[in-house]
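Here are the chains, one letter per residue:
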Amino acid sequence: MMRINQLAKDLGVKSGLLIKKCQECGLGHIKHHANSLTGEEEGLLRSKLKEGNTKEVTINQEKQITIREKSDKKTIEGSTTVTKTTIKSAVGKSSAAAGTTTPANKPKAASTTTPANTPTATKKPSTANPTALKDGRRVPAWKHKAREGLIKGRYKDVTRVSSSPKKSRGTFQKPGKDISKEKKTTPQKEDISKITLEVPASVKDVSKALGLKANDIISKLLIDHNVCATINQTLDNDLIEMLGLEHDVEIELVQAKDIEDEILFEDEEGSAEDLKPRAPIVTFLGHVDHGKTSLLDNIRKSNVVSIEAGGITQHIGAYRVDANGKSVVFLDTPGHEAFTSMRARGANVTDIVVLVVAADDGVMPQTEEAINHARAAEVPIVVAINKVDKPEANVLKVKQQLSALDLMPEDWGGKVQMIETSVVTKKGLDDLLEGLLLEAEVLDLKASSKKLARGVVLEAQIHEGRGVIATLLVLEGIIKHGDIILCGQAYGRVRALYNDLGKDIKEAGPASPVVVSGLSDCPEAGDKFYIVKDIQNAREIALKRQRKMREISLTGRQHVTLDNLYKKIEEGQIKEIKIILKADYKGSVEVLKKSLEELSIKEIRIKILHSGVGGITETDILLADASDAIVIGFHVVPEDKANQLAQESGVDVRLYKIIYDATNDIEAAMEGMLEPDKIEKSTGKIEIRRIFKVSKLGNIAGCYVKSGLVTRNSFVRLIRDNVVLYDGTLSTLRVVKDDAKEVKAGYECGIKLSGYNDIKIGDIIESYEIHKVARTLK
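Here the structure is a predicted model, which means the values were calculated and not measured.

S.K.: Kindly report on the packing of helix α1 (residues 4-11) against helix α2 (residues 15-24), identifying the contributing residues and their values.
M.R.: Across the interface, α1 lies against α2 with an axial gap of 9 Å and an inter-helix angle of 110°. Between α1 and α2, the angle is such that the two are roughly perpendicular. Judged by the sense of rotation from one axis to the other, the crossing of α1 with α2 is right-handed. Each of Ile4, Asn5, Leu7, Ala8 and Leu11 in α1 lies in contact with α2, whose residues at this interface are Ser15, Leu18, Ile19 and Cys22.

S.K.: Just give me the short version of the side chain of lysine 752, but keep the residues and values in it.
M.R.: Mapped onto the elements of the fold, lysine 752 is located in strand β35 (residues 748-753). One buried charge, lysine 752, has no salt-bridge partner; the nearest side chain with opposite charge is aspartate 758, at 12 Å. Sequence-distant contacts of lysine 752, defined by excluding residues within four places in its chain, comprise Leu697, Gly698, Asn699, Ile700, Leu730, Ser731, Thr732 and Asn757.

S.K.: Please provide a residue-by-residue account of the sheet that holds strand β24 (residues 528-532), values included.
M.R.: Within a beta sheet, neighbouring strands are joined by backbone hydrogen bonds and run either parallel or antiparallel to one another. The antiparallel closed barrel is built from 6 strands, whose spatial order is β17-β18-β23-β21-β20-β24. Across the sheet, the mean angle separating the axes of adjacent strands is 45° when strand polarity is ignored. Bridge count for strand β20 (residues 484-487) against strand β21 (residues 490-498) is 4 bridges, and the pairing is antiparallel. Looking across to β21, one finds that leucine 486 is bridged to tyrosine 491.

S.K.: Requested: an account of unusual backbone geometry, with residues and values cited.
M.R.: For alanine 511, which is not glycine, the phi dihedral falls at a positive 55°. The class of alanine 511 is buried, set by a relative accessible area of 0%. The phi dihedral of asparagine 722 falls on the positive side, at around 60°, and the residue is not glycine. The topology assignment puts asparagine 722 in the loop between β31 (715-720) and β32 (723-735). The class for asparagine 722 is exposed, based on a relative accessible area of 77%.

S.K.: So what about the environment of asparagine 232? Which residues, and what values?
M.R.: Within the secondary structure, asparagine 232 sits in the loop between α9 (214-224) and β7 (234-235). Each C-alpha atom of the pair asparagine 232 and valine 203 lies 6.0 Å from the other, and the pair is 29 residues apart in sequence.

Each value, and the rule that gives it
Residues numbered from 1 in each chain as written. Predicted model: local features only at pLDDT ≥ 70, side-chain atom pairs only at ≥ 80, totals over all residues. Heavy atoms only, no water. Axes fitted to C-alpha atoms, helices over the stretch in contact; angles between N-to-C directions. Helix = DSSP H or I, 4+ residues; strand = E, 2+ residues; numbered from the N terminus. Parallel < 35°, antiparallel > 145°, perpendicular 65-115°, else oblique. Left-handed = near helix turned anticlockwise from the far one by under 90°. Contact = heavy atoms within 4.5 Å. Buried < 20%, exposed > 50% of the residue type's maximum accessible area, 1.4 Å probe, protein only. Lys, Arg positive; Asp, Glu negative; His and termini not counted. Salt bridge = Lys/Arg side-chain N within 4 Å of Asp/Glu carboxyl O. Pairing = 2+ DSSP bridges.

Spelled out as structure tokens, the structure:
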């Protein structure tokens, strides 16, 4: 007795297959792998399994032979072809082998199912190797698999790509592809002799243009040129050209096109017909509590002082007032500091300055500072003598003090309008408006309203509910709802537009103060704004300005100092020295001022922007920053905040205890700015005695040095009949065939003039040198 699972283990098959065969043989009681079989049932089942295996082996053998036959005909050239007789003999041998293995006690039912001419023999694995051909040559497994793939239609052709046939596994090509065409050939690097590069250029730009790695250029800069650079650092033009020469490449530097100028100034040119008169822009300046805002309050018939904290102006206000059919725009600033800070950013928007002086106080220190700030801005001044209604008012004293500051009244024969005003009695308000309109007519102020709007930011703030709110002053053009605005480092779209009275308007023309919202960031007072057509361009320019401001903040703005004064004059940036003078006593101020002004000469002029008594304040540093001036202190020191501001802004502050030290330093700086005197000194005379004509070089002069000497670097002039025909330099100087540095009197030499060939025997060549002698103010 043997169980199904034991028999399956002996035969190497699964128990489920044996149970199925038992059902086919009529053994219906076998339904589980634990059922037992008798000896007869076991023998019947074994014979049934052997018969089935023999049939399967025969069918597989026929399929393999057919595959080899077809693949040999298609892919293997020159190989032995398997004929039909070979196949029949192979099948016959298989059948004979199968007949020997059939048991004698095979049932008749099983033998009748197989035809007599059907091959039923099983071939031994050693003799039926599917990878062996008839001639005994072994076919690799990959080719055998490829033949099967050919039958199934997966591949059209097989290509073996290998440099080493023994180690190669081979690759297959899919239909429609050609491996030879797919091979990528590495392009040869072209020899570049000349390239064009836009400047300013960074290390990354130069490496890309030269086709080198950035690390290689950084290493070369550090080792050969002692320059420590990063990949994004901008290189000097001379350094870029030198790098090109070291790699045998000529680099042509081209200035990059500034997209900002192209976009912002594309409609700069306009016809004269588009220009129309505009309202003047007037700024009120003066000492604290002299009535600037109260005066402006009465002019525009509103109450602004009650809104301000403590009755002192905290922000810049812009108002438009109509008078006699014309308009005037007033700017009320918190002192002249804000006026100068706007001018320091390039926003000199004021046309006329109204200097407010209280009749009871007279000229105060801030009044004098306001005058100097207005003169530095080069704008006309109209004086309003306020508070004339007070009993202690003294108008005559005020005029005398102003005339001492070179502000001569018109009734005294000067050119400055001085109008007496009073906020209490309303005296002189209309006269002040008429005087401003008269001054505007003299200035002939005009602007175009057909251009894209542009102007200046007066102030800006961040509102909790409305976002960034900016007060703008339109200088020309028209600003409308929905316009794309570029304002300093901010950009956006005009979402809301209000006038100076807070009313919502649709558009505003030239010389109009407006309030807008919709900017991406809060701009600074004094920033210029432009209306552009494309918001993408506005975004690019704003980001570019942010990067530029970051670079400036890292490098710092360079002001004029006594140390770089000579360099500035060489670059043509300066022809005068602006000075702010502070001293401990009024007498010292006058002496220093007179001594410094006496140093002025024709080429260089000294201009005292402001002078006063006391320490150096923030206002002095701010004025120097805006005007690019030097601050000189005599027996005074700067305040802590002023000193910090000077260091941040780069203003040169000089402190002295002796007057002559100050004058000597200024004199030395000015002498460095003077062009040196050029003195010419003759070094020798040479006579041309023979001329040699060389086809590629030109005419060579065979000369004799009559007196002095001639050097390779000498300047020469060719003289014929006492007439100078040529004045230049030497191209070559030789003795026989050797180059010479100098040739003395009594020797012969060969000379080639640079770019000149019209020489004759008997001509005289005079050599000379130019010596530069430093000039002094004395």
